[in-house]
There are 2 protein chains.
Amino acid sequence: MNGNKTEILRILKSSGSKPVSGQEIGSKLGITRAMVWKYIKEIKKDGYEIQSSPKIGYTLKSSPDMLYPEQIKIGLETSLLGKEIVYYDEVESTNSIAKELAGKYPEGTIVIAETQKKGRGRMGSDWLSLPGGIWFSVILKPSIPLEYVAKMTLVAGLAVTKAMRDLGVDARIKWPNDVLINGKKVCGILTEVDAEVEQVEHVILGIGINANVRLNEFREDIKENSTSIEAELGEPIDRISFIKDLLFQLEQEYIKFKTQQFSNVVSEWISLSDTIGKKVTVTTPTKITEGKAVGITDRGALLILTDNNVKEEIIAGRCRYIK
Amino acid sequence: MNGNKTEILRILKSSGSKPVSGQEIGSKLGITRAMVWKYIKEIKKDGYEIQSSPKIGYTLKSSPDMLYPEQIKIGLETSLLGKEIVYYDEVESTNSIAKELAGKYPEGTIVIAETQKKGRGRMGSDWLSLPGGIWFSVILKPSIPLEYVAKMTLVAGLAVTKAMRDLGVDARIKWPNDVLINGKKVCGILTEVDAEVEQVEHVILGIGINANVRLNEFREDIKENSTSIEAELGEPIDRISFIKDLLFQLEQEYIKFKTQQFSNVVSEWISLSDTIGKKVTVTTPTKITEGKAVGITDRGALLILTDNNVKEEIIAGRCRYIK
């Protein structure tokens, strides 16, 4: 959607139930009333309901339940994240597209899609992207060495958890990259990186959230351990407002990560963790570790106290709780 | 060069000064003598000098001083590295091409070029690729977590150093990614990675070697600290033989890295190190550390004992010796 259409929507939204005349809109944007009318027709085609009252003006009655960039941008309180939003109705995977775009697009660019045909989970597993969910990827270009990248998964998990808690649900982080509500998975995060050892070129944070997903839509094999925000709240959320808050929280945490001691992120992460204190089995490509999750180190690793009283640090892996 | 041409060259090379008849070659490859003659003509066009004696056969008199894949493949003693070789006369950067090819090409693929127009050094610096050098990149796909990638720079440095020492020069490793002879830089290694935190997708090892480079060709600003194998030996090397040995050494070290304790790599690395024991300043995107280089940790970090007697571990950075 071009700038003029976004601006017209912005004007109508901020005016609420009070109609705005075509002349007023036109003079604000420096275009004719005929052009305003042309744009209004296009905006209506996108699914917005706009009432036109002759000699009075236009009123926005409703917006479509779509993740259109202009809807996200209006009222967005970030200075970096989401300034550029690449929108798709359907993609194979937002992370794959973000990886392709990362070289040409600025830091903070969002790739968002209504549905993913081949959403990707960790280590090549598939990720089910059901209708009503939120599937997006963020392109970040922090000036950090490669070894700091694992911390960014923690940063993202913390931001998602805080944004969900703002909605009133008891979201908690399961190490390293899931968010749970009442013990069930509501969000997964996939961190991918392109880097030299010394310096990251870009990090892609892929965030998939079961927002307004119906429980009976989940596949049988994941049904028992999955939930959605809608199911937990008992009503659907306003996805656009939620994304705006999430981008804001993510930007705040990202700035903290870049400018403060990482121990600040760690202590907040631990306070919202579902994992610390639990008995776990963690599987990595090179080993399996079993023991009690007792903390997060300053380099972002999970600290496990094994049954032999040995402390092991693990940067990333598949984590299972032992009952 | 296609398989038949490579095979014909292989037959001629192994026959040495003894001529091989077109009929013998044809029957070995299952092609007619006329086809053999067609291939011989093509091979001559590539710069090989082949003597044809009527009724006696063909003799290979000399090979061009080019890094043609078929020259590298003949007698190559690896089982993984260099089975697939992508050759260019001139490229922008072999690492950039290797990154593009990595998704489609098998592990062990080599991208090699006679010259690079935009050779890349660490952190976006340029890398001068003079005539007579060796510029190539290796695509590797180890099943390792992201945090192991820094170790691979050490593995590559060790392999290059050993291959050079096989030539009789006193090559030593400057942490993290340079090889020196008599204190002057003869090789740089650029390690790049595409990965999830948990598992690497692929690692590109870019290796640039001043093999038969003339000292007076170096740019003024790097002249003082640069050298070439030719200059140190007093005569040019056979680049093809050297590459074959280097690929063999690199494969051996890579297998050790994947199957043995990393401390084995570390102890050999330290024995060939130019850095351990020296006073250094190491600069990373986030800090500057000064002190004495005292060791390499099991995760591949340089251990520095600062002037305040604090031990600091650094995974990668720009290292300067303090006199």
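Residues numbered from 1 in each chain as written. Chains lettered and ligands numbered in written order. Predicted model: local features only at pLDDT ≥ 70, side-chain atom pairs only at ≥ 80, totals over all residues. Heavy atoms only, no water.

- Per an unreviewed UniProt entry, chain A goes by Biotin--[acetyl-CoA-carboxylase] ligase and derives from Methanolobus halotolerans.

### Topic: the side chain of serine 273 of chain B
Residue and element names in this part refer to chain B.
- Here serine 273 is to be found in the loop between α10 (262-271) and β10 (279-283).
- Among the polar contacts listed, one links the side chain of serine 273 to the backbone nitrogen of isoleucine 276, at a separation of 3.0 Å.
- Among all residues touching serine 273, those that are not within four sequence positions of it are Arg172 and Ile173. (Helix = DSSP H or I, 4+ residues; strand = E, 2+ residues; numbered from the N terminus. Polar contact = N/O pair within 3.5 Å; in protein donor to acceptor, adjacent residues only side chain to side chain. Contact = heavy atoms within 4.5 Å.)

### Focus on the interface of chain A and chain B
- Contacts between chain A and chain B engage 32 residues on the former and 31 residues on the latter.
- Here chain A and chain B share an interface that buries about 2,700 Å² over both sides, 52% of which is from carbon and sulfur atoms.
- Per-residue buried area on chain A facing chain B is highest for Glu196, Val197 and Glu198 of chain A; these three make up 26% of the total on that side.
- The interface formed by chain A and chain B includes six residue pairs in polar contact (both at pLDDT 80 or more).
- Of all elements in the fold, only α6 (149-165) and β8 (184-196) of chain A reach the threshold of two or more residues within the side of chain A that touches chain B.
- Ranked by residue count, the leading element in the side of chain A that touches chain B is β8 of chain A, at seven residues.
- Residues of the side of chain A that touches chain B, tallied by class, amount to 14 nonpolar, eight polar and 10 charged. (Buried area = accessible area lost by both parts, 1.4 Å probe. Nonpolar A, V, L, I, M, F, W, Y, C, P; charged D, E, K, R; others polar.)

### Points about the sheet that holds strand β13 (residues 311-314) of chain A
Residue and element names in this part refer to chain A.
- Judged by pairing direction, the sheet is antiparallel, and its five strands sit side by side in the order β13-β12-β11-β10-β14 without closing on themselves. A strand with exactly one partner marks an edge of an open sheet, and here the two such strands are β13 and β14 (318-321). Strand-to-strand twist across the sheet, computed as the mean angle between neighbouring axes with direction ignored, equals 45°.
- Pairing of strand β10 (residues 279-283) with β14 involves four bridges; the strand directions are antiparallel. When the sheet's bridge partners are listed, threonine 283 is paired in β14 with arginine 318. (Pairing = 2+ DSSP bridges. Axes fitted to C-alpha atoms, helices over the stretch in contact; angles between N-to-C directions.)

### So, the pairing of strand β3 (residues 85-91) of chain A
Residues and elements named next belong to chain A.
- Where β3 meets strand β4 (residues 110-116), six bridges bridge the pair, whose relative direction is parallel. Bridged to valine 91 within β4 is glutamine 116.
- A crossover links β3 with its parallel partner β4, the connecting element being helix α5 (residues 94-101), and its sense is right-handed. (Right-handed = clockwise from strand over helix to strand, strands pointing away.)

### Section: the domain arrangement of chain A
Residue and element names in this part refer to chain A.
- Once the domains are mapped, chain A shows domain 1 (3-62), domain 2 (69-272) and domain 3 (278-321).
- One C-alpha centre belongs to domain 1, the other to domain 2; they are set 33 Å apart.
- Contacts between the two partners involve five residues from domain 1, matched on the other side by five residues from domain 2.
- Contact with domain 2 buries area across many residues of domain 1, yet Arg10, Lys13 and Tyr48 alone supply 69% of it, more than any other trio.
- The interface formed by domain 1 and domain 2 includes zero salt bridges. (Domains from an automatic or database assignment. Salt bridge = Lys/Arg side-chain N within 4 Å of Asp/Glu carboxyl O.)

### Considerations on the sheet that holds strand β13 (residues 311-314) of chain B
Residue and element names in this part refer to chain B.
- Taken in spatial order, the five strands make up an open sheet running β13-β12-β11-β10-β14, and their pairing is antiparallel. With partners counted over all chains shown, the strands left at the sheet margins are β13 and β14 (318-321), one partner each. On average, adjacent strands in this sheet sit at an angle of 45° to one another, irrespective of strand direction.
- The pairing of β10 with strand β11 (residues 288-296) spans five bridges and is antiparallel. When the bridges of β11 are listed, lysine 279 appears paired with lysine 292.

### Quick look at the nonpolar core
- In terms of nonpolar packing, the biggest core is built from 136 residues, with Met164 and Ile209 of chain A together with Met164 and Ile209 of chain B touching the most fellow members.
- Ignoring sequence-local partners within four residues, the contact set of methionine 164 of chain B consists of Val169, Ala171, Val179, Ile181, Val186, Cys187, Ile209, Ile229 and Phe242 of chain B.
- Counting 18 residues, the second largest nonpolar core, distinct from the first, contains Ile11, Ile25, Tyr39 and Ile74 of chain A. (Core = buried A, V, L, I, M, F, W, Y, C linked by side-chain atoms within 4.5 Å. Buried < 20%, exposed > 50% of the residue type's maximum accessible area, 1.4 Å probe, protein only.)

### Looking at helix α3 (residues 33-45) of chain B
Residue and element names in this part refer to chain B.
- Between the first and last C-alpha of α3 there are 19 Å, a value that for 13 residues agrees with the 18 Å anticipated at 1.5 Å per step.
- Taken together, the buried positions of α3 are Val36, Tyr39, Ile40 and Ile43. Buried residues of α3, seen end-on, are gathered within an arc of 105° and therefore sit on one face of the element. More than 90 degrees from the buried face of α3, the exposed residues found are Ala34 and Lys45.
- Structurally, α3 contributes buried residues whose contacts are with α1 (3-15), α2 (22-29), β1 (49-53) and β2 (57-62).
- Positioned one or two residues after α3, glycine 47 has a phi angle of 110°, which is positive. (Expected span 1.5 Å × (residues − 1). Arc of directions from axis to C-beta.)

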